[in-house]
Amino acid sequence: MKEKDLRRSLSVLPIGTVMKLTSLTARQIRYYEEQGLVSPERNDGNRRMYSLNDIDVILEIKDYLDEGLNIAKIQEIYKKRKEDNKNNDTKELTDQEARKILSDELLNIGGLNSHDAANNSF
DNA sequence: CTTCTGACA
DNA sequence: TGTCAGTA
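These notes cover the structure that comes with them. Residue indices follow the written sequence of each chain, beginning from 1 at its first position. Chains carry letters and ligands carry numbers; both start at the beginning, A for chains and 1 for ligands, and go up in the order they are written. Reporting of local features is limited, given that this is a predicted model, to residues whose pLDDT is at least 70; pairs of side-chain atoms are given and counted only at 80 or more, and all residues count toward the totals for whole chains, interfaces and linings. Each side-chain value is derived from all of the structure's non-hydrogen atoms; neither hydrogens nor water enter the calculation.

## Looking at the overall build of chain A
- The secondary structure listing takes helices from DSSP runs of H or I that are at least 4 residues long and strands from runs of E that are at least 2 residues long, numbered from the N terminus. Across its full length, chain A carries six helices and three strands.
- Note on classification: 1.4 Å probe, protein chains only; a residue is buried when its accessible area is under 20% of the maximum for its type, exposed when over 50%, partly exposed between these limits. For chain A, the proportion of its 122 residues judged to be buried stands at 26%.
- Any two residues having at least one pair of non-hydrogen atoms within 4.5 Å are treated as being in contact. Here the contacts in chain A between residues at least 6 apart in sequence split such that 56% fall between residues at least 24 apart.
- Residue-level accessible areas treat just the shown protein chains as cover; the underlying method is Shrake-Rupley with a 1.4 Å probe. Working note: accessible area of chain A is about 9,000 Å², and carbon and sulfur atoms make up 50% of it.

The structure is reproduced here in structure tokens:
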């Protein structure tokens, strides 16, 4: 599985492709990099080259944003996720661990929704 | 033509 | 965020 992982980490997509794949504007994509959420390489002429991994991350960012999270929250989530990866560096994620990470992220989302006062209807 | 940085409404 | 300017 390392071959695919390596390929997935190859930065070969110009920002124009990322725009089409994520339905985001170049402005937003660059902004997310500014916030440290993605780290595209800089090949020729100082141009950003994204990897499939980056696409995945950006898509996730878009999802979180859609759920009402701000950049700060997303940064926290990724920071926590990084620490989690440090914890189990040599072994694969068990289903339980994956669940824990996901629920933890969802917890972060739910605990900070200030825009859904209407949700009190249940 | 496509992308980059900085800046302003 | 959108968008314009001046480059590379």
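## Digging into helix 2 (residues 15-22)
- Considered for burial, the residues of helix 2 that qualify are Ile15, Val18 and Thr22. The buried residues of helix 2 occupy one face: seen down the axis, they fall within an arc of 55°.
- Two residues or fewer after helix 2 comes Ser23, characterised by a positive phi angle close to 65°. Relevant arc is that of directions from the helix axis to the C-beta atoms, nothing else.

## Describing the side chain of Ser11
- Along the polypeptide, Ser11 turns up in the loop between helix 1 (2-8) and strand 1 (13-14).
- Note on Ser11: relative accessible area 10%, which makes it buried.
- Polar contacts here mean pairs of N or O atoms no more than 3.5 Å apart (in protein, one a potential hydrogen donor and the other a potential acceptor; neighbouring residues in sequence count only if both atoms are side-chain atoms). Within polar-contact distance, the side chain of Ser11 engages the backbone oxygen of Met49 at 3.3 Å.
- Leaving out residues up to four positions away in the same chain, Ser11 has contacts with Glu41, Asn43, Met49, Tyr50, Ser51 and Asp54.

## A closer look at the protein's contact with DNA strand B
- Neighbouring residues are identified by heavy atoms, a residue being near a molecule or strand if any of them is within 4 Å of it. Taken together, Pro14, Ile15, Gly16, Arg27, Arg30, Arg42, Asn46, Arg47 and Arg48 make up the full set of residues near DNA strand B.
- Of all atoms in DNA strand B that approach within 4 Å of the protein, 77% are sugar or phosphate atoms.
- Here a phosphate oxygen of DNA strand B sits 2.2 Å away from a polar atom, N or O, in the side chain of Arg42.
- Between DNA strand B and Arg48, the relevant distance is 2.6 Å, taken from a phosphate oxygen to a side-chain nitrogen or oxygen of the residue.
- Where the surface near DNA strand B is concerned, the elements lending two or more residues are helix 2 and helix 3 (26-34).
- The residue makeup of the surface near DNA strand B, split by class, is two nonpolar, two polar and five charged. Residues were grouped as follows: Ala, Val, Leu, Ile, Met, Phe, Trp, Tyr, Cys and Pro as nonpolar; Asp, Glu, Lys and Arg as charged; and all remaining residues, including Gly, as polar.

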